[in-house]
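Residue strings, one per chain:
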Amino acid sequence: MAARARDGSGTNVTWTFADATGWTQHAPGVGGLMLATAYHRASRRIFVNATETLHIYDVDGDSWSQAPGFRYKPYWPRCTGSDRTAAIDPRRGLFWSVGSKMVLVWDIASGKAVTDDWKTTGGGDYTNEAKVMPTYPAQLFESGGGDIYDASAPGFDYDSASDELVAWPNRGAPYALDLDAKTWSAGSATGAPESKNSGGTYGRWRYAREYNVFILVNSVDENVHFYKHTEGCGPARP
């Protein structure tokens with residue numbers, strides 16, 4: 001997916017970049033802005049959560065598909081919205097999309113939403129009551145993680161060293177989700193900045209496995225920030 005340099009508008013053009021060959025254009029996909037995307041290395045597919053839909057790009061096949069049913073219940077209106085951020089939990093094969101009062105957990109192997117299996121504790125209360133009640137009571141979802149899910153496009157990525165999802169809700173302390181205990185806990189807020197982008201952080205919060213550190217690019221006018229979630233360096237290079 002790309003945005004035009006001349007005006008910033010979104011397009012449905014798909015590109016990849018390789019050091020040896022530079023940029024290569026591929027099959028057109030989903031258009032628009034504020035798309036929550038994540039790459040699943042095991043299947044070599046990119047998952048894209050748009051405002052009301054979930055799209056999947058097969059890198060090897062250079063083809064797009066759309067997960068069925070996303071404009072109908074039980075996914076609608078529950079899984080609608082914008083300003084979200086996505087990440088892959090590779091150990092469990094899950095695609096997560098969170099932010100702006102929404103959470104979606106998608107099981108990659110079975111091809112279905114499993115959000116209801118991920119009721120968590122800690123991290124503030126969450127409910128989608130305002131979106132689904134009283135018309136769609138079966139879609140009501142209440143859980144922990146509200147400080148993250150309610151934030152506009154929070155920083156959100158998977159930490160392979162701790163096997164946790166670590167989120168930054170645009171200010172203050174990051175939160176880590178213990179994926180076995182399904183419990184959120186707050187980290188240190190010392191030295192934490194505040195997002196300079198009113199829309200949120202999006203993909204500017206990323207985990208660097210080689211150094212076991214999170215990197216935050218918050219503004220073009222300030223230094224890059226680093227957050228250590230666990231002690232130690234990353235895996236040794238071959």
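Presented here is a report on the structure given in the accompanying data block. (Residues numbered from 1 in each chain as written. Predicted model: local features only at pLDDT ≥ 70, side-chain atom pairs only at ≥ 80, totals over all residues. Heavy atoms only, no water.)

Take the sheet that holds strand β21 (residues 225–227) next. Pairing within the open sheet is antiparallel, and its 3 strands lie in the order β19-β20-β21. In the strand order of this sheet, the two ends are held by β19 (205–208) and β21, each with one partner. In this sheet, neighbouring strand axes are inclined to one another by 30° on average, regardless of whether the strands run parallel or antiparallel. Relative to β21, strand β20 (residues 213–216) runs antiparallel, the two sharing 3 bridges. The residue bridging Phe214 from the neighbouring strand is Tyr227, located in β21. (Pairing = 2+ DSSP bridges. Helix = DSSP H or I, 4+ residues; strand = E, 2+ residues; numbered from the N terminus. Axes fitted to C-alpha atoms, helices over the stretch in contact; angles between N-to-C directions.)

Turning our eyes to something else, we now look at a negative patch on the surface. A cluster of like negative charges, contributed by Asp125, Glu129, Glu142, Asp147 and Asp150, occupies part of the molecular surface. Mapped onto the secondary structure, Asp150 falls in the loop between α2 (146–149) and β15 (155–159). (Patch = residues over 30% accessible without salt bridge, like charges linked within 9 Å, V, L, I, M, F, W, Y side chains within 5 Å. Areas by Shrake-Rupley, 256 points an atom, 1.4 Å probe, with all protein chains shown as cover. Salt bridge = Lys/Arg side-chain N within 4 Å of Asp/Glu carboxyl O. Lys, Arg positive; Asp, Glu negative; His and termini not counted. Charge placed at Lys NZ, Arg CZ, Asp CG, Glu CD.)

One open sheet holds the 4 strands; their spatial order is β5-β6-β7-β8, and the pairing between them is antiparallel. Edge positions in the open sheet fall to β5 (36–40) and β8 (63–66), since each of these has one partner strand only. Each neighbouring strand pair of the sheet contributes to a mean axis angle of 20°, computed without reference to strand direction. Pairing geometry for β5 and strand β6 (residues 45–49), over 5 bridges, is antiparallel. Paired with Tyr39 across the two strands is Ile46, which belongs to β6.

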